[in-house]
Amino acid sequence: MAQPNNAAVGVDNTFRRKFDREEYLQRAREREENEKERAKVKSKGPPVQRKPLKHRDYEVDLESRLGKTQVVTPVAPLSQQAGYFCSVCECVVKDSANYLDHINGKKHQRALGMSMRVERASLEQVQQRFEVLKKRKTPGPFSEQDLDERILKQQQEEEERKRQRRERKKEKKKEKATEEEIEMDPDVAAMMGFGGFRSSKK
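The structure presented is a predicted model; accordingly, all values stated were derived computationally and were not measured.

> Which residues make up the overall build of the chain, and what are the values?
Helix and strand counts for the chain stand at six helices and four strands. Traced from its N-terminal end to its C-terminal end, the chain shows the element sequence α-β-β-β-α-α-β-α-α-α. Counting over 202 residues, the chain shows a buried share of 9%. When contacts within the chain are restricted to residue pairs at least 6 apart in sequence, those whose partners lie at least 24 apart make up 33%. Surface accessibility of the chain: about 20200 Å² in total, with carbon and sulfur atoms responsible for 51%.

> Now, about the layout of surface pockets: what can you tell me, with residues and values included?
The volume enclosed by the largest pocket comes to roughly 500 Å³. Listing elements by their share of the lining of the largest pocket, those giving two or more residues are strand 2 (84-86), helix 2 (96-103) and helix 3 (106-111). In terms of residue count, the dominant contributor to the lining of the largest pocket is strand 2 (three residues). The class makeup of the residues in the lining of the largest pocket is eleven nonpolar, five polar and seven charged.

> Let's hear about a negative patch on the surface: which residues, and what values?
Residues E30, E32, E33, E35 and E37 make up a contiguous surface patch of negative charge. By the element assignment, E30 lies in helix 1 (residues 21-43).

> Describe the pattern of salt bridges, listing the residues and the values that go with them.
One pass over the structure, following the stated rule, counts four salt bridges. Close ionic contact of R27 with E23 constitutes a salt bridge, the shortest N to O distance being 3.0 Å. On the criterion of helical spacing, the pair formed by R27 and E23 is a turn pair, its members being four residues apart in helix 1. A residue is classified by how much of its surface remains accessible, and R27, at 46% relative accessible area, is partly exposed. Under the relative-accessibility criterion, E23 is labelled partly exposed at 36%. Put simply, R163 and E160 hold a salt bridge, and the shortest N to O gap is 2.3 Å. With R163 and E160 both in helix 5 (residues 144-180), this residue pair falls three residues apart, about one helical turn.

> Account for the packing of aromatic side chains, with residues named and values stated.
Per the stated rule, a full pass over the model turns up one aromatic pair. Pairing Y84 with Y99 gives two aromatic rings, centres 5.3 Å apart and planes at 25°, and the pair type is stacked. Remark: Y99 occurs in helix 2 and Y84 occurs in strand 2; sequence separation between them is 15 residues. A relative accessible area of 15% places Y99 in the buried class.

Each value, and the rule that gives it
Residues numbered from 1 in each chain as written. Predicted model: local features only at pLDDT ≥ 70, side-chain atom pairs only at ≥ 80, totals over all residues. Heavy atoms only, no water. Helix = DSSP H or I, 4+ residues; strand = E, 2+ residues; numbered from the N terminus. Buried < 20%, exposed > 50% of the residue type's maximum accessible area, 1.4 Å probe, protein only. Contact = heavy atoms within 4.5 Å. Areas by Shrake-Rupley, 256 points an atom, 1.4 Å probe, with all protein chains shown as cover. 1 Å grid on protein atoms, 1.4 Å probe; cavity = no way out; pocket = protein on both sides within 12 Å on 5 of 7 lines; lining within 4 Å. Points joined across faces, edges and corners; volume = space filled by probe spheres on them. Nonpolar A, V, L, I, M, F, W, Y, C, P; charged D, E, K, R; others polar. Patch = residues over 30% accessible without salt bridge, like charges linked within 9 Å, V, L, I, M, F, W, Y side chains within 5 Å. Salt bridge = Lys/Arg side-chain N within 4 Å of Asp/Glu carboxyl O. Lys, Arg positive; Asp, Glu negative; His and termini not counted. Charge placed at Lys NZ, Arg CZ, Asp CG, Glu CD. Phe/Tyr/Trp six-rings, centres within 6.5 Å; stacked < 30°, edge-to-face > 60°.

Rendered as structure tokens:
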């Protein structure tokens, strides 16, 4: 039997959601206005002026806990957990390479109040720095005589070490020989047919 023309054939898709375009346009406009207001509030303050980078005035301690064992518990405070603790940023870094990257990085430097820009040095500052470095390493003039003296001194030290080694070996041999001599009753030794455990060679 044939179906009438006005009956729907196939899948019924009348459940699809219909969007109200004007409502969503209104929501978008409200969101844009809110974002503009937030941007205005943020940009009202003066820009933060940070100091330029400076070199560290302390020694970075990477080797104090090297080779030591430590019990790690999940309830321990951050400063006592395994790894390197940064007290400025309050974070734990697991190895020394990453710790160095962290303390030289942007986040740590900002927490210290420094920007990543380096202060431009003047000509006078560079010249003063060169003078300081020259004064620091001005050994006397090097000559062949100094080299010969150093070689001679090294040879004498080596000979002294060899002599001390030989003496130690002789002392050890003497100690061994005295330990090997077993004290025995001379009557028992005569009865057995020998005077001692020593060889006739000396």
